[in-house]
Every structure is written in structure tokens, then in C-alpha cells.
Amino acid sequence: MTVEQNVLQPGGAAKHQQTFLNQLREITGINDIQVLQQALKDSNGNLELAVAFLTAKNAKVPQQEEASYYQTALPGNDRYISVGSQADTNVIDLTGDDKDDLQRAIALSLEESNRAFRETGITDEEQAISRVLEASIAENKASLKRTHPEVWSDSPNPYDRKRQDNCPVGLKNVGNTCWFSAVIQSLFNLLEFRRLVLNFNPPANAQDLPRNQKEHRNLPFMRELRYLFALLVGSKRKYVDPSRAVEILKDAFKSNDSQQQDVSEFTHKLLDWLEDAFQIKAEEERDGEKPKNPMVELFYGRFLAVGVLEGKKFENTEMFGQYPLQVNGFKDLHECLEAAMIEGEIESLHSENSAKSGQEHWFTELPPVLTFELSRFEFNQALGRPEKIHNKLEFPPILYLDRYMHKNRELTRIKRDEIKRLKEYLTVLQQRLERYLSYGSGPKRFPLVDVLQYALEFASSKPVCTSPVDDLGASAPSSGTLPAQTSPSTVEQQGPSSSDVPSTSPVQRSVIHKPFTQSRIPPDLPMHPAPRHITEEELSVLEGCLHRWRTEVENDTRDLQESISRIHRTIELMYFDKTMIQVPYRLHAVLVHEGQANAGHYWAYIYDHHQNRWMKYNDISVTKSTWEELERDSFGGYRNASAYCLMYINDKEQYLIEEEFNKETGQVLVGMDTLPSDLRDYVKEDNKRFEKELEEWDAELAQKAQQEKLLSQIPRAPAPSPAPVQAGEPEYLEQPSRTDLSKHLKEDSVQAINKALAEQEDRSPEAIMDTAIKLEYTRLLKLAQEDPPPECDYRLRHAIVYFIQNQAPKKIIERTLLEQFGDHNLSFDERCRNIMKVAQAKLEMIKPDEVNMEEYERWHQDYRNFRETTMFLMVGLEFFQKKSYMEALLYLIYAYQNNKELLSKGPYRGHDEELISHYRRECLLKLNEHAAALFESGDDQEVNNGLIIMNELIVPCLPLLLVDEMEEKDIVAVEDMRNRWCSYLGQEMEPNLQEKLTDFLPKLLDCSTEIKGFNDPPKLPSYSTHELCERYARIMLSLSRTPADGR
């Protein structure tokens, strides 16, 4: 379905030879036409063998038995003719001008093609594709073999896999099938294509099939594709499994489960199969008329190739599907298209007698769905491997194709000539401007305006009549130190004077150079050079000339810049007059590839035409997106991601995206109502199975809850009376309740009571308690209002400090203070016991409507989470400083996640997010370096250990760094880690290392931000408040002494 580039020779096979020569030139970088022709001849037309012949240092000449494959378009024929012949000793030379040889080649090729089709039902085109794929697969197995493909593991909780409302359904990655997901989702979201697939009915004589291998393959695939599309419409699952359809495709590709396919290759094959399946149906239903194939109507267009070869003109009409475009050397899509539509010296097309050759392509009929295949890979001859082109290439959301239409041929040629003339003039103006902006004849050049300004400043400076060197010498001190300008040779010749050597010193002192004292300019010398002799008349004339010249240069520069801007604007608007914006195509989908030539990950951005927004389809993850995100990931030049395929649709053909209506009621059909009855039943059955999963999960949870309830009702031995709390026990972690105070809080309460007794004349317990609470609140308020250093976080000392800083309701604070003084730990003496009883009585008097207990519990839970986050952070940083990065990572991961949740409620709810982010990022980078070093060692055990670190620690963490796209440093760190491992692709290594590397890389390059789960949080040790504050202060002080790059 890809365009076969038309070439200059009027004969079909000879033209195709030129196509191969162009491809060989692009792939290998060799421009010598004789070398390319010899390689093509020696390889019998086999492109891969020709590439191998040209790139291998000691390649052997391919054997004559190799089959050749040609695909050509003959004049007057609007479909491809496959020409595949078995080469023998009587090879027909197609490089000459002998038409008889050419006709014999075509006849033999057609005979061979027809015989093969009658025997197998498979065209030569498909056989050739199969040969290319087999060769590619064999090569990949040798160099990039994989054994364990990445497969998404389902969450055991079915509610995690439940579809939310009408959110689009994702596709499960069943082993390097992101290419499948990206293409299928792009096509599924074309409503007309969806309708064609869903309403496809197998031929009535399906029982008599298969008549040949093609029908045996295509019809089962269509059946599975219908089922898959139906599930994408009506499933209650968040994502569905495409395994059955994928398996049929992989069988056809003769590929193993772990072979990752190419998007354009797969799209080509997919549309071919669909075309064949619909063709079978169309032929069955025709009534004497030529059958119409809806796939051809939807995806195929036609162009006219107009060419001249050595003065001889030719015209051919050809059909195309995916249109290939070169990326390298172009800045936007229109530049790519212009280059693809014109080859050679096109001036000869408009002249009668010329020996030059050239050709133009003009679209005569555009398909409703126009797909551009962007060629982002090239062969690096020096390294002997393909490389990805990461250059930036812009493309618009609306593409006007009027300039490429045959009906606008004459007008476009006029505009192209005008643009060419303008660009030539633009080049002249830019060269002129450059002479103004980079003036001079030496290696260093400056703007001429600045040069004139500097000359004017020099001329206007205060005249000086003596040499600067003489002035410095005169003003130099008479001590033993030498002026900075004095040369060492002078010192040696003169020698020190008697006054230079102190009389008390028996040894002559060496001369010491002191640049900051000896080179200091005397106060009376100007700070910049100035003319030594200039008269007033000379200065007046010179200033007048320089002023005038500077003004002239400024005006000239401004005029040139304005002229250049006008020409740029004229060129930009050249095709935006009314006659050239009549064929609009809207961007429907962008298929993105991230990675290198040998490994990577695919996803798709698809436009929701009814919600007017972009959606990102990344395997099981389907999320809302923006044009800005699409630009960043698709244009290229940012990270290793770029568009690989662009799908545009005719903006005037609304049926492509129109929803279906009920013919009787006129209402829009949605969801299950759009499905035929057989597919509706199929989806209902699948939904029933999923609902059963949900019911079984609910029943399992209910059973567990019942068991826990029964266990809680079993009588237990009475608990011992509460003992005084030891100093090492924290009040918010492993205590029976929040109100079991540590020694730290107990001492605070006793201290407040003692102060109250000293200040309060009324010795009643109630009065003492009120005063003690006021004193305690005043102390805590003062702490909350202070601005302490980072190592001293008063929030850790008391929950009230945390509440005050985060503006907790007054009632929450009052109840917390009452609970502090009403706790049973104050019952150690009679005085405190009485105060405790008063506080408890007041707590009982608080009515439910006075304090919202749910809110009260939430505040205290937040404080417990804050302390827990602090401990995660503290322990993680302690491990980091010990260089125990594996242990540190998990603590820092949970510290960051918990802290982020706290900060979402208020800026003082958690810790410095940048600090935690920095050390989390540093942990990952250190571990990545360690894992890479283990991999480079080559030792099996160490390589395995390195990959375990990557698979179990680093890869699961990457989505956490990518999910917040505002954190640029995290994104850069992820790219650094990925680039480190991708750099191994071009290196020679043992086959087992290649196998492990290519098994691992797709997991590393997966751009999904779907959090795949972590181990349970690590168990935290028990700390008293005093210990927690002390250790936190110690670790934060140590950080302040160790500069942290990036903080």
C-alpha cells in the first residue's frame, strides 16, 4: 500500500530499477551511480542483498539463484503490477534501451506471477514482503534476539480494571504489541472505518473456504478484528486483550512472540488484508458491475507522474496508499511534500528541447484518509547499522493540499517559480545583511554599527600625550618589585641594584610577580585607550563622518531586515489565497515512536472530533492530552520521541467522523446500540464474565470481613493495666491510641501545670487546668510562629504546632489540648490526677454538634501521615548517606508519594518537595550507573544482578518521574538513564548479552505513566518525639554541609 516512487524511464521495469537506485543511495549514502547499478545487478534486484553488498567490507557477490522482486506501474494501468522472476543464467538486462528485452522481462514476470497466484492464492507482492520480513526477522534474531517479552500483568482487583463511565477502552500489551495498539486505536476512532469493520459479514460461501492460503488467513482475522472492535465499543473493562487477533498477525509475519513490529510495515499488511477480505465480499455481491472495495475507496488515492527523460516526456497514473516522506533535511511537512512531489531538474518539463531529466507528481484523486509515513531511520555506513533521525519536523493540525493537486498544476508552477525567485532574492539580501552584521576580514567579526560606535568612542576619548607603558614605568614603585610590563630578559640583563637588596639579608631575594598590585593602572591614566594627538578640527570632521556612517548603516540594516521579513511573510502566505485553501485535511492521529532504531515504544495521539480534544492512547492507558503535549512528543528534537506516521482525514467528508443515527427515531446511536446483534451478544457475554469477577471479589472481601468480625468477638484475656509509657515509644505510631502520650508530652503537661500553680491564686483543679492549657497553647503558638532553620522542625514536637500552621479549626485545637491534659498518664500524683479528671469531664460535656469528630480524626490522621512521611524521608536520607542506594530508594519513594498527597491539602502540610525529589532522583541515577557497570562486566551473575536492579527498582519508578511533566529535572534524568542503555545497541557483545539487553529495553523505554505497583511500604522503627526530632536535625544538618547538586 506504500507509494512506489515513479522514476524517469518510460519503461516499467527500468523505472523500478531507478527507484531501487534512489533507495540504495538513501540507505547507504553512496552517490556513485555506477557502483549502485553494479550492486543492484550483482544482487539480482534484491534490495537487502544490494545493501549488504555495499556496506559489508568483504561481502561476497550474491548467487544468481536469488529471486528478484520488482513492483512497477505501467502507463495506462492504475494498479500495481507485481513482477517477480526467478533469475537464471539468461538474465534479461533491463538497464539498456532495448524495448524487446523489456517486453520479454514483463511477459516472463507476468507469467510467473500468474502461475504462483493460481497455485497459492498469494500475490508476488505478498511473497516479496514475506521474504523481506523473513530476512529482517532472521537478522534481528541474530543481533537483537529476545526470549521473554513484556506482558502487562492484570491487577488481582477487578475494580482496578473497570471502565470509568464512557472513557475509551485501552488495549493490553501482550508482548511488544504497542505497535498493534497504536495502529488499531487510530483506525478504530475513524467512525466510518469502525462501521465498515463492525458491519462486515463473512461471505455466504464461507463453508467452502479456504480456497487458498490468503482467504484462510484474512477471514479469521476479520472475525477477530470485529470482536475486538465490539469490545472497544461496549466493554465494561478498562482495557481488553487483543491476543487472538495479534496471534494471527504474528503467524503471518512468521515472527516469534517477542518480535516487535514496525508500524508502517504492520499498517501496510493490515490494510492489505482488510482490502482482500472486503474484495471477497464485494465480488460475491456484485451484479455484473465492477465491485467496489470500501477499503480502497477509503485509503487509496491516485497521482499523475509527469516526467521527462533526455527530452522525452512521459505520463503515468498510479495508485497509492501510505505516502512515504523523507524527514532528513526538512523543517516541516510541506517541505517534505514538495521534495517528494518533484524529482530532478523540473525546468525541463516546461521546455521543448532539453537533455535534462525530471518529474513531478500531482494528486488527481486524494483518499478520504491520507496517511503519511515519515522515514525517520537511515543507515549509518560507518557503524553498519540503522539509526533514528531525531530532527524536528513540524506539521499542522489542518493541512491544505491544493498546491499538490493536478487541477492546480499551472497555478502551483507559477507560485513555485515565484517562490524560487523570492528565495534567490532572499539569499542575496541575507548575504548583504550578513556583511553588515559580521564585518571584518579576520577570524573575529563584529556588527558594523558597533565597529563605527567603537571608533567614535575612541576618537572622542580624552587625548593622552604619553605612552601608557612610559606612564606605568614612571609611576612604578622604586622597590625591588618589577613592573608587570617589564620582560624577564630585561631583568636578567640589568640585574638588581644595590638598593633592591635589603642590607640585613645575606641572600639575594628573587623577584616576585604580583599581578594585582604591579599592574594596577595609575589614577591619572584613562581606563580605556585614547588617541595621543588629535586636533579639534580633526575630531569634528571624524565625529561627523562616523555619526553619518553609523546612521546610514543602521538604516541599511533595518531596511534589509524589513525586506527579509516581508519576503518570508510573502512566501508563507503564497498558498493561502482563497483558491488554494479548498482541500483541507484535518489531523486525525499521530503515531509516535520513542527510542532508537533497534528498540522503542509506540503510542498514539488521536483527535476526539466530538469533544474537540486530543487523547493519548498508550496501551492500557487512555488519557486526555493537549496539542502542546503532542507537539513536544511528535515534532522531534525533544528526548527520543517523534512522529512516525501521520493520519489526516478530508475535513469536508463529515461521514468519516459522523455518529450513527436511528433511522426511525433520528436519535444518535451510542455504545452497544451501534453493534450488530451477533456482536452485541458477544460483548454482553464478556461483560457478564467481568461482572462475575466483580461479584466474586466482593464476596471474597465480605467473607474476609466476616471472619475478622468473628475473630474480634472471641473473648480474650483481660489486658494488663496500662504501665507508664517508656521514653522510646512514639505517640503516633505503634501505640494503642493517639492519646497515649510519650514522656516528652507528659513532661510538657506537667511543666504547664507547675507554671499554672505558680501563677494562679485559685488552687481549684478547674482554674489550674484552664491556666495550664492557656500557657501550653501560648508556648505552642510561639513555636508555630517562629521561622526555624531546616534542621529544627517544630511540627514534629507537637500536633498543635502542625494544626496552627495549617489553620486547623479552633475547636480541633481546643479538643486536642483537653485530650492532652485528660490523658491517664497524668494520674501519677493527686494534683495531676484531679486536673486529668476535670479535663476528662470537659471532654464528655462537648456535644457532637460542637466538634465534627470526622474532621477531628482527619486532622489527626494527617498529622500521623506527616510524622510517617518524616520518618520515611529521614531513614531514606540516612541510607543515602551510607551509599545504601537500594535501601534508600524505597523509603524516598514513599516519602515523596506521601508528601505529595499532604502538600495537595496545603503548603505547610508536608516537607520540601524539591529536596525529596532531588534525592529520589539521585538514588535512581546512582543505581542506574551501578546496574550499567554490572552489565558491562559481562559476568553472568553480575549482569543478572544489574538487570534485577533495573527491572525491580528502576523501571517501576520511572512512571513516578514521568507522571509530573512539570518536573523537568526528573524527565531529563529518565532520558539520561534510557540513553545510557540505548548506547549499548551499537556495541559488539556476546549473543546472550544481546538477548538480555533486547528483552529489557522495551520495558525501560515504555512511556506509560501507569503506576504498576510497588512493594509494601518498609516497616518504620519506633521513635519517641525527642529521638525523632534529634535524628531529623542530625540528618538535615549533614545535608546542609554536603552541597546537593540540583537543589
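Residues numbered from 1 in each chain as written. Predicted model: local features only at pLDDT ≥ 70, side-chain atom pairs only at ≥ 80, totals over all residues. Heavy atoms only, no water.

Caption draft 1: Here's a closer look at the overall build of the protein chain. Assigned secondary structure in the protein chain consists of 32 helices and 18 strands. In the protein chain, once contacts between residues fewer than 6 apart in sequence are set aside, the share between residues at least 24 apart is 71%. Carbon and sulfur atoms make up 50% of the accessible area of the protein chain, which totals about 54,200 Å². (Helix = DSSP H or I, 4+ residues; strand = E, 2+ residues; numbered from the N terminus. Contact = heavy atoms within 4.5 Å. Areas by Shrake-Rupley, 256 points an atom, 1.4 Å probe, with all protein chains shown as cover.)

Caption draft 2: Fine view of the state of the cysteines. Applying the stated criterion to the full structure yields 0 disulfides. Unpaired in this structure, Cys 1029 has its nearest cysteine sulfur neighbour in Cys 792, at a distance of 7.7 Å. (Disulfide = S-S within 2.5 Å.)

Caption draft 3: The arrangement of the nonpolar core in detail. Among the nonpolar cores identified, the biggest contains 93 residues, and Phe 803, Leu 877 and Trp 981 are the most heavily contacted of them. In terms of residue count, helix H29 (residues 940–962) provides more of this core than any other element does, 12 residues in total. Apart from the residues within four sequence positions on either side, Phe 803 is in contact with Ala 808, Ile 812, Ile 813, Thr 816, Trp 859, His 860 and Tyr 863. Of all hydrophobic cores here, the second largest spans 62 residues; its members include Ile 184, Phe 221, Met 222 and Val 240. (Core = buried A, V, L, I, M, F, W, Y, C linked by side-chain atoms within 4.5 Å. Buried < 20%, exposed > 50% of the residue type's maximum accessible area, 1.4 Å probe, protein only.)

Caption draft 4: Examining the pairing of strand S17 (residues 621–625) more closely. Taken together, the 5 bridges between strand S16 (residues 613–618) and S17 define a ladder with antiparallel strand orientation. Bridging across to S17, Met 615 finds its partner in Lys 624. Hairpin connection between S16 and S17: a loop of 2 residues separates the two successive antiparallel strands, and Asp 619 in this loop has a positive phi of roughly 55°. (Pairing = 2+ DSSP bridges.)

Caption draft 5: Here's a closer look at the packing of aromatic side chains. Taken as a whole and judged by the stated rule, the model has 34 aromatic pairs. When the ring of Tyr 323 is compared with that of Phe 363, the centres are 5.6 Å apart and the planes differ by 75°; the resulting orientation is edge-to-face. Of the two residues, Tyr 323 sits in strand S7 (residues 323–326) while Phe 363 sits in strand S9 (residues 358–365), which places them 40 residues apart along the sequence. An identical accessibility class is assigned to Tyr 323 and Phe 363; each is buried. Aromatic rings pair up to connect Phe 395, Tyr 607, Trp 614, Trp 627 and Phe 635 into one cluster. One cation-aromatic arrangement involves Arg 920 over Tyr 896; the distance from NZ or CZ to the ring centre is 3.8 Å. (Phe/Tyr/Trp six-rings, centres within 6.5 Å; stacked < 30°, edge-to-face > 60°. Lys NZ or Arg CZ within 6 Å of the ring centre and 35° of its normal.)

Caption draft 6: Highlighting the pattern of salt bridges. Taken as a whole, this structure holds 37 salt bridges when the rule is applied. Linking Lys 415 and Asp 577 is a salt bridge whose minimum nitrogen-to-oxygen distance equals 2.8 Å. You can see Lys 415 sitting in helix H13 (residues 409–437) and its partner Asp 577 sitting in the loop between helix H18 (536–572) and strand S14 (584–595), a full 162 residues away along the chain. A residue is classified by how much of its surface remains accessible, and Lys 415, at 11% relative accessible area, is buried. The class of Asp 577 is partly exposed, set by a relative accessible area of 25%. (Salt bridge = Lys/Arg side-chain N within 4 Å of Asp/Glu carboxyl O.)

Caption draft 7: View of the UniProt feature "coiled-coil region" (unreviewed entry) in the protein chain. UniProt's entry tags residues 680–707 with the feature "coiled-coil region" (unreviewed entry), counted in the numbering of this structure. Taken end to end, residues 680–707 comprises 100% helix and 0% strand; its first and last C-alpha atoms sit 40 Å apart. (UniProt positions renumbered as here; feature names shortened; annotations may be inferred.)

Caption draft 8: Spatial organisation of the side chain of Asn 408. Considering the arrangement of structural elements, one finds Asn 408 in the loop between strand S13 (398–400) and H13. Setting aside residues no more than four positions away along its own chain, Asn 408 makes contact with Asp 402 and Met 580.

Caption draft 9: Main features of the environment of Asp 698. When you line up the elements, Asp 698 lands in helix H20 (residues 677–713). Overall, the relative accessible area of 34% leaves Asp 698 in the partly exposed class. Separated by 541 residues in sequence, Asp 698 and Asn 157 place their C-alpha atoms 9.8 Å apart.

Caption draft 10: Summary view of the packing of helix H26 (residues 853–881) against helix H28 (residues 913–937). Orientation of H26 relative to H28, taken along the N-to-C sense of each, is 40°, at an axis distance of 11 Å. Between H26 and H28, the angle is such that the two are oblique. Crossing of H26 over H28 shows left-handed handedness. In contact with Leu 873, Leu 877 and Phe 880 of H26, H28 contributes Leu 915, Ile 916, Tyr 919, Glu 922 and Cys 923. (Axes fitted to C-alpha atoms, helices over the stretch in contact; angles between N-to-C directions. Parallel < 35°, antiparallel > 145°, perpendicular 65-115°, else oblique. Left-handed = near helix turned anticlockwise from the far one by under 90°.)

Caption draft 11: A look at unusual backbone geometry. The residue Asn 612 is not glycine, and still its phi comes out positive at about 55°. As for its position among the elements, Asn 612 is in the loop between strand S15 (600–608) and S16. Within the chain, Gln 807 stands out as a residue other than glycine whose phi angle is a positive 60°. Checked against the element boundaries, Gln 807 lands in the loop between helix H23 (799–805) and helix H24 (810–821). Look at Gln 807 and you get exposed, because its relative accessible area is 71%.

Caption draft 12: Seen up close, the side chain of Asp 619. Inspection of the secondary structure assignment puts Asp 619 in the loop between S16 and S17. Classification of Asp 619 by relative accessible area gives buried; the value is 3%. Reaching out from Asp 619, the side chain makes a polar contact with the side chain of Asn 173 at a distance of 3.2 Å. (Polar contact = N/O pair within 3.5 Å; in protein donor to acceptor, adjacent residues only side chain to side chain.)

Caption draft 13: Local environment of the confidence of the model for the protein chain. With 68% of its residues at a pLDDT of at least 70, the protein chain reaches an overall mean of 75. Confidence scores differ between elements of the protein chain, with strand S2 (residues 81–85) showing the lowest mean pLDDT of 31 and S13 the highest of 94. Long-range and interchain partners of residues 471–521, a stretch whose pLDDT sits below 50, account for 28 contacts in this model, where long-range means more than four residues apart. (pLDDT = per-residue confidence, 0-100.)

Caption draft 14: Highlighting H24. Counted at 1.5 Å a residue, the expected span for H24 with its 12 residues is 16 Å, and the 17 Å between its end C-alpha atoms agrees. Among the 12 residues in H24, 9 count as buried, and that is most of the element. Among the residues of H24, those classed as buried are Ile 812, Ile 813, Arg 815, Thr 816, Leu 817, Leu 818, Glu 819, Gln 820 and Phe 821. (Expected span 1.5 Å × (residues − 1).)

Caption draft 15: Structural view of a nonpolar patch on the surface. Together, Phe 661, Val 668 and Val 670 give the surface a local cluster of nonpolar side chains, amounting to about 270 Å² of exposed area. Mapped onto the elements of the fold, Val 670 is located in the loop between strand S18 (641–650) and H20. (Patch = residues over 30% accessible without salt bridge, like charges linked within 9 Å, V, L, I, M, F, W, Y side chains within 5 Å.)

Caption draft 16: Inspection of a negative patch on the surface at higher detail. Together, Glu 552, Asp 556, Asp 559 and Glu 562 make up a negatively charged patch on the protein surface. As for its placement among the helices and strands, Asp 559 is situated in helix H18. (Lys, Arg positive; Asp, Glu negative; His and termini not counted. Charge placed at Lys NZ, Arg CZ, Asp CG, Glu CD.)

Caption draft 17: Broad picture of the pairing of strand S10 (residues 369–375). Counting buried positions along S10 yields 7 of 7 residues, so the element is predominantly enclosed. In S10, alternate side chains face the same way, and those of Val 369, Thr 371, Glu 373 and Ser 375 on one face and Leu 370, Phe 372 and Leu 374 on the other are all buried. Pairing between S7 and S10: 4 bridges, direction parallel. Paired with Leu 325 across the two strands is Leu 374, which belongs to S10. Strand direction decides the pairing type here: S10 and S18, joined by 5 bridges, are antiparallel.

Caption draft 18: Fine view of the packing of H28 against helix H30 (residues 968–982). Contact pair H28 / H30: the axes reach a minimum separation of 11 Å and the direction vectors enclose 0°. Considering the angle they form, H28 stands roughly parallel to H30. Two secondary-structure elements touch here, H28 through Glu 914, Ser 917, Arg 920, Arg 921, Leu 924, Leu 925, Asn 928, Glu 929, Ala 931, Ala 932, Phe 935 and Glu 936 and H30 through Lys 969, Asp 970, Ala 973, Met 977, Arg 980 and Trp 981. Across the contact of H28 with H30, the residue classes break down as 8 nonpolar, 2 polar and 8 charged. (Nonpolar A, V, L, I, M, F, W, Y, C, P; charged D, E, K, R; others polar.)

Caption draft 19: Representation of the environment of Glu 868. Inspection of the secondary structure puts Glu 868 in helix H26. A C-alpha to C-alpha distance of 9.7 Å links Glu 868 and Asn 899, two positions 31 residues apart in sequence. Each residue touching Glu 868, except ones within four places of it in the same chain, is listed here: Asn 898 and Leu 1020.

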